There are 2 protein chains.
Amino acid sequence: MNAHIITIGDEILIGQTINTNAAFIGEKLSGIQINVRKTSTVPDDEEEILREFKTCLNENDLVIVTGGLGPTHDDITRTCIVKFFHTELVRNDEVLDDVRNFFNKRARKITKINEDQALVPKEANVIRNKIGTAPGVWIEKEDKIFIVMPGVPFEMQAMMNNSIIPKLQEKIKNKDFFVKRSNLLTTGIPESTLFERLGNIDELLNGAKLAFLPSQFGVKLRVTVNEKSEELANNKISEIEQKIRGKVGRFIYSKQDEPLENVIARMLLERGITIAVAESCTGGLISNLLTNISGSSKYYERGVISYSNASKVEILKVSEDTISQNGAVSLEVARQMAEGIKSISGTDLGLAITGIMGPTGGSSEKPVGLAYVGLCDDKVCTAKKFQFGDDRSLNKQRAAQAALEMIRRYLLGIPLDE
Amino acid sequence: MNAHIITIGDEILIGQTINTNAAFIGEKLSGIQINVRKTSTVPDDEEEILREFKTCLNENDLVIVTGGLGPTHDDITRTCIVKFFHTELVRNDEVLDDVRNFFNKRARKITKINEDQALVPKEANVIRNKIGTAPGVWIEKEDKIFIVMPGVPFEMQAMMNNSIIPKLQEKIKNKDFFVKRSNLLTTGIPESTLFERLGNIDELLNGAKLAFLPSQFGVKLRVTVNEKSEELANNKISEIEQKIRGKVGRFIYSKQDEPLENVIARMLLERGITIAVAESCTGGLISNLLTNISGSSKYYERGVISYSNASKVEILKVSEDTISQNGAVSLEVARQMAEGIKSISGTDLGLAITGIMGPTGGSSEKPVGLAYVGLCDDKVCTAKKFQFGDDRSLNKQRAAQAALEMIRRYLLGIPLDE
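These remarks concern the structure in this document. (Residues numbered from 1 in each chain as written. Chains lettered and ligands numbered in written order. Predicted model: local features only at pLDDT ≥ 70, side-chain atom pairs only at ≥ 80, totals over all residues. Heavy atoms only, no water.)

### Section: the packing of aromatic side chains
Residue and element names in this part refer to chain A. Under the counting rule described, the total for this entry stands at 17 aromatic pairs over all chains. Between the aromatic rings of Phe 195 and Phe 212, the centroid separation amounts to 5.5 Å while the plane-to-plane angle is 65 degrees, which identifies the pairing as edge-to-face. Of this pair, Phe 195 sits in helix 8 (residues 191-197) while Phe 212 is found in strand 10 (residues 209-215), placing the two residues 17 residues apart along the sequence. Judged by its relative accessible area of 18%, Phe 195 falls in the buried class. Members of the aromatic cluster, each reached through a chain of ring pairs, are Phe 53, Phe 84, Phe 85 and Phe 146. (Phe/Tyr/Trp six-rings, centres within 6.5 Å; stacked < 30°, edge-to-face > 60°. Helix = DSSP H or I, 4+ residues; strand = E, 2+ residues; numbered from the N terminus. Buried < 20%, exposed > 50% of the residue type's maximum accessible area, 1.4 Å probe, protein only.)

Quick look at the structure:
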């Protein structure tokens, strides 16, 4: 079954609203093996909307529309449905009850334009809206399904989860193929190197699809298989995953889309390991990530953002001589910062980072993007050099990701120098 | 000038990636009076891509495409361009230099597939990529403009800001109407209160449009005017702005979309004021924001993330009795943390925050979302209580924004208790 998602609204076209509805609907449809062939966004303009309805319904089995069902003057989608299907609006008593209940519950006075929300296209099946006032619309014509929902994300999401997805699953019960996807998140290895290490892609995939999706956090590998049954799909996916892990396994930090900090948090909690962090160039970003997880106080003890040299010396006991000899951005200072934060905190691990995030402050021997990460446990202190780019905020994110990856590799006993 | 934005990628269709590129491009184009008529997302499929190129170029003056320009096998956009324009790929030496510099800078080994990124469609003007390896493409044919950029957001954004928007502005100089938008960012005041204080909206706007856009950072007021000339538009906008500022000026921290931390950074730099930060519940987020600005070491001296009580006592000299009597989340502890961080840092200001970000850890008298912010200068220490919601990451962002707003009001002499 092929689907097209239409989102309606000027605010999306001019970028004032990011189109999360299309993403949500696309994910839900893919989840039940419906192929989303295309999505589009059109303005609050009758002509454009009618034109899009026509094209999309011609080319697809399923068209899902969101937006423009509200009670105010700029909501024209319902009018477009009436014109497109050459039908009329009729009062629906179920919906009228829903709307009245909605207002009673909130002790708000109901107005005419609110009650008019109970007017729905004649041959539509109504999708009731328990958390808003605009009902959804489900129309079937010549083996095609046409669905319209309000644009308010949580109202649309409730309709998708409670009504539309279950109904669609009924429709597509006996299907002869099964699509399954798996994401492998890698970091610390460039896209091109990853590509080389995977060797002969066709051999690796034998029919499956593999996408490389790079970002400042690393490269995401998305494997997609299309098989006759769920079992075959699962087998094929895990077979390919095995092969990929065999070649680049140590760079893979999570499956699906779990961020690196969550992966580390879980490992630290499971093993009862505590950590303290000393940051210079990342300015608190690493600690912020490590404390985004509820219960982080069980593994995160404290952090110091030793931005000034004075703070490195006073709080972390970094030697002034080391700073004057090697500079504040150096392997030795990173190591001493890690030792310092660990010893004042009494934690199992001490992590530290010092660097130059730019855009200013670089020099020929210490360019913008240079960073050193130090990691100490009770026995060893290691430190590693990194070179990132010119963009300050990207550098901060890359540096934080690299520092977190040092922790992951330490916890898994993977060599740091790879 | 009518524009269509095409984003290419299965990951967008299946909802694994939210389409922020279309929003970014749409906002930039609207900003220079280009009308974004429609946007669409198509799969990594040659046939679909070529079909979309054809339709969109027929119906619009400008087509902007992102995605599928990377070095790996699943990046087919460049091939599609070659087929669509019946052209060929030629090596571009500028791009080759850029790619080589990119790898040298990062001390990474360059591979054949990286060098092949220097192969560009024959009649294309190249848009150079300083922060990635895939160049952008600008093709003009029969009064139409066709632009292709990589899908990696920060690479695309740099190209838009540095090359494409300036070039497009050149093209569309003389036009007979002018749309201008202005964003006034407020914080510390609820949407409904803001609405009430603005009074009679129609009188205020006299024909212009006003949108209320709430988020965890506050409420953005977007004013839109449509006038015959840029001068008229500017006058109308500033007239309305004056009226709004007259009513709710103290809550407005910036125009356009400058984040609060940048506003504060500028004020601190201008006045040569230094600050140190002690964070508990925000876990480094405030310091991270204050150090996102280049040159932040001029005003930001150090930070302490005193997550454990021990760290509050040992580093910040908070009294153990105060903690045991009032609890770590209390007005008094916030005040002592602020005093402590200021005195050990020798800065002009000390900022501190302690709270419960949830979802767990709340109690009847100290519910999730409770936070106290302390701010000290040489003379006075003030502290303020805040109550946020249930969502941990939203709470961290709201708490950080509230703490930054305390600094802004202090620097401007605006009463904190409003």
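Having put the structure on the table, let's press on.
### Structural notes on helix 11 (residues 260-271) of chain B
Residues and elements named next belong to chain B. Given a rise of 1.5 Å per residue, 12 residues ought to cover 16 Å, and the 17 Å separating the end C-alpha atoms of helix 11 matches this to within 8%. Residues of helix 11 that are buried: Leu 260, Glu 261, Val 263, Ile 264, Ala 265, Met 267 and Leu 268. Contacts from the buried residues of helix 11 go to strand 12 (252-255), strand 13 (275-279), helix 12 (285-290), strand 15 (349-355) and helix 16 (392-412). Just beyond helix 11, the residue with positive phi is Gly 272, at close to 60 degrees. (Expected span 1.5 Å × (residues − 1). Contact = heavy atoms within 4.5 Å.)

### Digging into the state of the cysteines
All names here are of chain A. One pass over the structure, following the stated rule, counts two disulfides over all chains. The disulfide partner of Cys 376 is Cys 381, and the S-S distance across this bridge is 1.9 Å. Across the disulfide from Cys 376 to Cys 381, rotation about the S-S bond amounts to roughly 115 degrees, and the bridge is consequently right-handed. You can call Cys 376 buried: its relative accessible area is 1%. The cysteine Cys 80 is free of any disulfide, with Cys 56 supplying the nearest cysteine sulfur at 13 Å. Free cysteine: Cys 281, not disulfide-bonded; nearest cysteine sulfur from Cys 376 at 16 Å. Overall, the relative accessible area of 4% leaves Cys 281 in the buried class. (Disulfide = S-S within 2.5 Å.)

### Overview of the nonpolar core
Counting residues in hydrophobic clusters, the biggest one holds 78 residues, and the most contacted among them are Ile 286 and Leu 351 of chain A together with Ile 286 and Leu 351 of chain B. The next biggest cluster of nonpolar side chains, apart from the first, holds 28 residues, and it includes Leu 316, Val 318 and Cys 376 of chain A together with Ile 315 of chain B. (Core = buried A, V, L, I, M, F, W, Y, C linked by side-chain atoms within 4.5 Å.)

### Some details on unusual backbone geometry
Going from Gly 358 of chain A to Pro 359 of chain A, the amide bond is cis rather than trans, its omega being -5 degrees. Turning to its location among the elements, Pro 359 of chain A is positioned in the loop between strand 15 (349-355) and strand 16 (370-376). For Lys 317 of chain A, which is not glycine, the phi dihedral falls at a positive 60 degrees. Mapped onto the elements of the fold, Lys 317 of chain A is located in the loop between helix 13 (309-314) and helix 14 (320-326). Notably, Asn 206 of chain B is not glycine yet its phi reads approximately 30 degrees, a positive angle. If you trace the backbone, Asn 206 of chain B turns up in the loop between helix 9 (201-205) and strand 10 (209-215).

### Observations concerning the sheet that holds strand 12 (residues 252-255) of chain A
Residues and elements named next belong to chain A. With antiparallel pairing, four strands are arranged side by side in an open sheet as 10-11-9-12. On the outer flanks of this sheet lie strand 10 and strand 12, each paired with one strand and no other. Between one strand axis and the next, the sheet turns by 25 degrees as a mean value, whatever way the strands run. Strand direction decides the pairing type here: strand 9 (residues 178-186) and strand 11 (residues 218-227), joined by nine bridges, are antiparallel. By the bridge assignment, Ser 182 is partnered in strand 11 with Val 223. (Pairing = 2+ DSSP bridges. Axes fitted to C-alpha atoms, helices over the stretch in contact; angles between N-to-C directions.)

### Quick notes on the packing of helix 3 (residues 46-59) of chain A against helix 4 (residues 77-84) of chain A
Residues and elements named next belong to chain A. Look at helix 3 against helix 4: their axes get within 10 Å of each other, and the N-to-C directions meet at 55 degrees. If you check the angle between helix 3 and helix 4, you find them oblique. Seen from above, helix 3 lies across helix 4 with right-handed handedness. For the pair formed by helix 3 and helix 4, the contact residues are Glu 46, Ile 49, Leu 50, Phe 53, Lys 54 and Leu 57 on the first element and Thr 77, Thr 79, Cys 80, Ile 81, Lys 83 and Phe 84 on the second. Of the residues contributing to the contact of helix 3 with helix 4, the split by class is seven nonpolar, two polar and three charged. (Parallel < 35°, antiparallel > 145°, perpendicular 65-115°, else oblique. Left-handed = near helix turned anticlockwise from the far one by under 90°. Nonpolar A, V, L, I, M, F, W, Y, C, P; charged D, E, K, R; others polar.)

### Side note on the sheet that holds strand 10 of chain B
Residue and element names in this part refer to chain B. Spatial strand order, 10-11-9-12: four strands in an open sheet with antiparallel pairing. The open sheet has two free edges, formed respectively by strand 10 and strand 12, since each of these has just one partner strand. For this sheet, the mean angle separating the axes of adjacent strands, direction not counted, is 25 degrees. Two elements, strand 10 and strand 11 (residues 218-227), share seven bridges in a ladder whose sense is antiparallel. Counted as the bridge partner of Lys 209 is Thr 224 from strand 11.

### Section: the environment of Val 225 of chain A
All names here are of chain A. Looking at the element boundaries, Val 225 is found in strand 11. What makes Val 225 buried here is its relative accessible area of 1%. Remark: the alpha-carbon pair of Val 225 and Gly 207, spanning 18 residues in sequence, is separated by 7.7 Å. Apart from residues lying up to four places away in sequence, Val 225 is in contact with Phe 178, Val 179, Lys 180, Ala 208, Ala 233, Lys 236, Ile 237 and Ile 240.

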